[in-house]
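Residue strings, one per chain:
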Amino acid sequence: MLEKHYDPKKVEEGKYAKWKEGGYFTAGDKSKQPFSLVIPPPNVTGKLHLGHVMDTIPDDIIVRYKKMKGFDVLWVPGMDHAGIATQAKVEEKLRKQGISRYDLGREKFLEKTWEWKKEYGDTIHDQWEKIGLAVDYSRERFTLDPGLSNAVKEVFCTLYEQGLIYQGERIINWDPVLKTALSNIEVIHQDDEGEFFYFIYDVVDSNEKLIVATTRPETMFGDTAVFVNPKDKRYAHLIGKKCINPANGEPLPIMGDEYVDITFGTGAMKCTPAHDPNDFALSKKYGFPLIKVLDESAHMNELAGKYNGMDRYECRKSLVEDIKASGHLDHIEKFVHSVGHSERSGVVVEPMLSKQWFVKMKPLAERVIAQQNSKDKVEFFPPRFEKTLLRWMNEVEDWCVSRQLWWGHRIPAYYDKKTGEVVVSRTPLDPEKYDQDEDVLDTWFSSALWPFATLGWPEKTPDYDRYFPTSVLNTGYDIIFFWVSRMIFQSEHFTDQVPFRQVIIHGLIRDPKGRKMSKSLGNGVDPIDVIAEYGVDALRYFITTNSTPGLDMRYSDEKLQAASNYLNKIWNSVRYVEMTLGDYQPKEIDFKACGPLEKFILSRLQKTIKTVESKMEKYQFANASSALYDFVYDDFCSFYLEMSKVTLADPAQADLVKDVLYYVVRSIVLMIYPYTPFIGEELYQSLPFAKPSIMEESYPEYRKDFVSNPAEKQGNLLREILRDVRGYKSDQGLAPNAPVEIYLSPKAPFQGIEDYLTRFLFAKKVEFGKELPQGDVFSYGDFGLALKQDIDVEEAKAKLSKEIETLHFEIARGEKMLGNPGFLAKAPKEKVAAEEEKLSANKAKLAALEARLKELN
RNA sequence: GGAUGCUUAGCUCAGCGGGAGAGCAUCGCCCUUACAAGGCGGGGGUCGCAGGUUCGAAACCUGCAGCAUCCACCA
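Residues numbered from 1 in each chain as written. Chains lettered and ligands numbered in written order. Predicted model: local features only at pLDDT ≥ 70, side-chain atom pairs only at ≥ 80, totals over all residues. Heavy atoms only, no water.

Chemist: Just to check I follow, could you spell out the overall build of chain A for this structure?
Modeler: Each helix and strand in chain A was counted, giving 26 helices and 29 strands. Relative to the globule expectation of 29 Å for 857 residues, the C-alpha radius of gyration of chain A, 37 Å, shows a markedly less compact shape. Each principal axis of the C-alpha distribution contributes one length, and for chain A these read about 115 × 65 × 55 Å. Scored against the burial criterion, the 857 residues of chain A give a buried share of 54%. Within chain A, residue pairs in contact and separated by at least 24 positions form 77% of the contacts whose partners lie at least 6 positions apart. Carbon and sulfur atoms make up 51% of the accessible area of chain A, which totals about 38,600 Å². Each charge class in chain A can be summarised by its mean position, and for the 114 positive and 131 negative side chains these summaries are 3 Å apart. (Helix = DSSP H or I, 4+ residues; strand = E, 2+ residues; numbered from the N terminus. Rg over C-alpha atoms; globule rule 2.2 N^0.38 Å. Buried < 20%, exposed > 50% of the residue type's maximum accessible area, 1.4 Å probe, protein only. Contact = heavy atoms within 4.5 Å. Areas by Shrake-Rupley, 256 points an atom, 1.4 Å probe, with all protein chains shown as cover. Lys, Arg positive; Asp, Glu negative; His and termini not counted. Charge placed at Lys NZ, Arg CZ, Asp CG, Glu CD.)

The structure is reproduced here in structure tokens:
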């Protein structure tokens, strides 16, 4: 027997181990159709947060649902080495011990990082277990394992051979703390308040002065020219002359180019080819030298003269002072502008000229665009996110893939010690003759291969044959560019197939005020705390059923409480059914022998199954669960379960009612189970005929032979009567259980209705008669009901009048609608018929109420 | 500058072409033998604004406003 109250802690204990040991997570049943997905691999940087819960629980629901639907489901688990992020964490840890990575050297440092990986990998495993992920551990992968490394080498070398990877000197985003290049999307732009310095440049051989504005005075040592727009009347005559750089006294040519925006600043712009991407482009056009003035930690080099060795900001400060002292500072303005920060270290990135490896994106992106125009494309849920992907593909720039880190896939490029020539090779070259490139690849380079490399690619493995392309991928909109887009282009380029047929994009979870959860705000919520308070099932239910696909959601204690209450409700309804079953062994339902309310609940259940299934297929978990929720509360618990107490008391009907109760409650458990597997298993096990695990069960099937529209109508009518009379009592200030006398007109909606009225309206008397007595009357088409009270005639008349008034309103509406030729001609037939029926019912009701009013007068 | 989303009850959000819904909050009544973390019954909304399409608009179209996010630019 179940306990009176649902206790998540007791329910959750031991279940995961049982599933895991029972082999329920392992794929491979060849008699079934395959269905596959890969987990979005969490970074081994720390423990899981609510974002991971959002990434994985929808997958888990899909996995459990698809298993019940008879698929051979493979869910590949794994983790990401997360190059920069992990290395930054390990370095931070070492720094606290006063050690730098250079003190350790590459090999020792990597050892330390593997230790870190082991520790955090274990934590992540624990947490997967805690939240109940049905992942196939026999297929677990890591982005740095030998298989993935092999795939990475294969991809790098092939792209190189195809001319799609090249090495080039370009302006890249440099993180001066982590001392590595970053790709464009690893740079976060935010509006910072800065200063706009207006400096005076003396024009050579002239008395004229040119005022040039800059936000970055320290880069003036790398300037090669000053540009003005040739159409700018103020300056056109200066083109061809020279002016003096106030930072170092060097003469700079004044040049004309339409690139310059006349309206911005003073209309005169300095050009720093080695430290600004736009200036770099200009320099290519005019063949300027590329002068670097900053080193890899963003300190000034010898070109900065007396500022040599200073940090960029220190240099800026003293340089400005010196220029001011020389009389070349015009003024300084406050200026809010967008500044790039490193996603990982947070420091202001330095655009810097550097030799890096790049992936040539255009051909890869074009393939994706073509694929998305074909029938065999990746389908997005919700569809609008396809536009996000295509926009990126259309605008994409070459991808800088080299990182000056140690933790990652080392670039398989080698330099001839004598000639310096580059050789890219799948196998290591002789270290006597060659030095391997020191850099590693961007983490996303390996993540991009995740769906096929985890299944064995480039080998032709059985898993790859059977499970690729994967069926679906679920992830947040924030990593569409980082990850989704890259998996798509790599997969299409290398496997000639999409990596997954469908992508579900979810929003982000925010704090209760709608702010992003972040360390600095201290508003993060630890899933483990939530689980301790409400249980995993409530967390899972909350997170998957309280948001619209693709939109953000807010964390809410109230909703977790509500989820927990709902589960308690289901728990108790199962408990009630088990109490009524006792030793009885339910059997197949004899539908024909069922009473109207049994037919009602069976029919309602079928429609619920149908709705839930169709929403599940579209991954609309909020809609699926709310259909089930409505059924559980409104149809079952609040209504049928109560009503069944009447029929259960009749020995002739009791067994049949028990069959129905068992079937309904079992269906509810099976449908809630993918959302809340722990309580699902617990309740399932407590029911008769349980298999060793609910994971062996199949999903409830829609049974057309259990559908009865007339029975639903009868049930709804009884519900309406109960509500009316209860409402009446409440209006009259009577207690819900105040006794009443009820009189019914002969044409009752179904036989035996009096038993329900007696019990649930606390009627001390229910009588049928041709004439309804003096009292309050309720009319339901051709059926009427009266309550015998010592009534206040005036009050009763007022109430009747009010009801009549609203009926008139309703009838007028119906008549207007049905009198509209446009409506009759264009509206669907069913709609017209429904309106006609409603109208005639209202008319009958009106007639009855009017007759009643007349009687009272 | 470009794109996308949001604006519906006090709060958080569904609904997205046929009479405004849920959870929480609120009010009233009830310890009725599954559940008081409960039951029953209420109250509460010119669905951001303005036009348009339609027999019919919260829903579709156009414009506007506010909020949010992303991309690009910012000498």
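Past the structure itself, the notes keep going.
Chemist: How do you make sense of unusual backbone geometry when you look at a structure like this?
Modeler: A negative phi holds for most residues other than glycine; trans holds for most peptide bonds. A cis amide bond links Phe 381 to the next residue, Pro 382, at an omega of -10 degrees. The residue Pro 382 is located in the loop between strand S15 (379–381) and helix H10 (385–395) in this model. The omega torsion of the bond from Phe 468 to Pro 469 falls at -5 degrees, within 30 degrees of zero and hence cis. Even without being glycine, Asp 205 reaches a positive phi, approximately 55 degrees. Inspection of the secondary structure puts Asp 205 in the loop between strand S7 (187–202) and strand S8 (209–214). The class for Asp 205 is exposed, based on a relative accessible area of 78%. Although it is not a glycine, Ala 298 sits at a positive phi angle of roughly 65 degrees. Within the secondary structure layout, Ala 298 lies in the loop between helix H7 (277–286) and helix H8 (312–325). Of the residues examined, Ala 298 reaches a relative accessible area of 1% and is grouped as buried.

Chemist: What is the right way to look at helix H4 (residues 83–96) in this model?
Modeler: Compared with an ideal rise of 1.5 Å per residue, which puts 14 residues at 20 Å, H4 spans 20 Å between its outermost C-alpha atoms and is within 8% of the ideal. Taken together, the buried positions of H4 are occupied by Gly 83, Ile 84, Ala 85, Thr 86, Gln 87, Val 90, Glu 91 and Leu 94. Gly 98 occupies a position one or two residues after H4 and carries a positive phi of about 75 degrees. (Expected span 1.5 Å × (residues − 1).)

Chemist: Whenever I open this one, the protein's contact with RNA strand B confuses me. Can you help?
Modeler: Inspection of the region around RNA strand B gives 58 residues, with Asn 278, Thr 548, Glu 810, Lys 826 and Lys 831 positioned closest. Expressed as a percentage, the sugar and phosphate content of the atoms of RNA strand B within 4 Å of the protein is 58%. Within the backbone of Cys 637, a nitrogen or oxygen atom sits 3.0 Å from a base nitrogen of RNA strand B. Between RNA strand B and Asn 820, the relevant distance is 2.4 Å, taken from a sugar or linking oxygen to a side-chain nitrogen or oxygen of the residue. Classifying every residue of the surface near RNA strand B gives 21 nonpolar, 17 polar and 20 charged. (Near = heavy atom within 4 Å. Polar contact = N/O pair within 3.5 Å; in protein donor to acceptor, adjacent residues only side chain to side chain. Nonpolar A, V, L, I, M, F, W, Y, C, P; charged D, E, K, R; others polar.)

Chemist: How do you make sense of the sheet that holds S8 when you look at a structure like this?
Modeler: What holds strands together in a sheet is hydrogen bonding between their backbones, with the strands either parallel or antiparallel. Within the open sheet, the three strands sit side by side as S8-S7-S13. Their pairing is antiparallel. Two strands lie at the open edges of the sheet, namely S8 and strand S13 (329–342), each paired on one side alone. In this sheet, neighbouring strand axes are inclined to one another by 20 degrees on average, regardless of whether the strands run parallel or antiparallel. Note that S7 and S13 share 13 bridges and pair antiparallel. Counterpart to Asp 191 in the pairing with S13 is Ser 338. (Pairing = 2+ DSSP bridges. Axes fitted to C-alpha atoms, helices over the stretch in contact; angles between N-to-C directions.)

Chemist: What am I meant to see in the pairing of S8 here?
Modeler: As a general feature of sheets, a regular strand has side chains that alternate between the two faces. Looking at chain direction, S7 and S8 are connected through six bridges and run antiparallel. Residue pairing for S8: Tyr 198 is matched across the bridge by Ala 213. Hairpin remark: S7 followed by S8, antiparallel, with six residues in the connecting loop; positive phi at Asp 205, about 55 degrees.

Chemist: Explain the pattern of salt bridges to me, please; I cannot follow it from the model alone.
Modeler: Note that side chains of opposite charge can pair when their charged atoms are close. Inspection of the entire model under this criterion finds 55 salt bridges. A salt bridge links Lys 10 to Glu 3, with the nearest nitrogen and oxygen atoms 3.3 Å apart. A salt bridge links Arg 426 to Glu 161, with the nearest nitrogen and oxygen atoms 2.7 Å apart. Of this pair, Arg 426 sits in the loop between strand S19 (422–424) and strand S20 (434–436) while Glu 161 sits in helix H6 (residues 146–161), and the two are 265 residues apart along the sequence. A single network of salt bridges, built from pairs that share partners, joins Arg 216, Glu 218, Arg 312, Arg 316 and Glu 350. (Salt bridge = Lys/Arg side-chain N within 4 Å of Asp/Glu carboxyl O.)

Chemist: Help me understand helix H14 (residues 480–495), please; the structure alone is not making it clear to me.
Modeler: Counted residue by residue, H14 has 14 buried out of 16 residues, so it is predominantly covered. Remark: Asp 496 follows H14 within two positions and exhibits a positive phi of approximately 65 degrees.

Chemist: What am I meant to see in a negative patch on the surface here?
Modeler: Taken together, the side chains of Asp 529, Glu 533, Asp 557 and Glu 558 make up a negatively charged region of the molecular surface. Within the element layout of this structure, Glu 558 appears in helix H17 (residues 557–581). (Patch = residues over 30% accessible without salt bridge, like charges linked within 9 Å, V, L, I, M, F, W, Y side chains within 5 Å.)

Chemist: How should the packing of helix H18 (residues 596–617) against helix H19 (residues 621–648) be read in this particular structure?
Modeler: When two helices pack together, their arrangement is given by the angle between the helix axes and the distance between those axes. As a packed pair, H18 and H19 sit with axes 9 Å apart at the nearest point and diverge in direction by 170 degrees. Between H18 and H19, the crossing angle belongs to the class labelled roughly antiparallel. Residues Leu 597, Glu 598, Phe 600, Ile 601, Arg 604, Leu 605, Thr 608, Thr 611, Val 612, Lys 615 and Met 616 of H18 form the contact with H19, whose participating residues are Phe 621, Asn 623, Ala 624, Ala 627, Leu 628, Phe 631, Asp 635, Phe 636, Phe 639, Tyr 640, Met 643 and Thr 647. A class-by-class count of the residues in the contact of H18 with H19 yields 15 nonpolar, four polar and four charged. (Parallel < 35°, antiparallel > 145°, perpendicular 65-115°, else oblique.)

Chemist: Any chance you could explain the packing of aromatic side chains here in plain terms?
Modeler: Note on aromatic pairs: each is described by the distance of the centres and the angle between the planes. Evaluation of the coordinates by the stated rule reveals 49 aromatic pairs. With a centroid separation of 6.2 Å and an interplanar angle of 55 degrees, the aromatic rings of Phe 156 and Phe 445 are classed as tilted. Of the two residues, Phe 156 is situated in helix H6 and Phe 445 in helix H11 (residues 443–447); the sequence distance between them amounts to 289 residues. For the pair Phe 156 and Phe 445, one class covers both residues: buried. Measuring from ring centre to ring centre gives 5.5 Å for Tyr 166 and Phe 358, while their planes differ by 20 degrees; the resulting arrangement is stacked. With Tyr 166 in strand S5 (residues 165–175) and Phe 358 in strand S14 (residues 350–359), the pair connects residues that are 192 residues apart, well separated along the chain. Here Tyr 166 falls in the partly exposed class, since its relative accessible area comes to 24%. According to the relative accessible area criterion, Phe 358 is buried, its value standing at 1%. (Phe/Tyr/Trp six-rings, centres within 6.5 Å; stacked < 30°, edge-to-face > 60°.)

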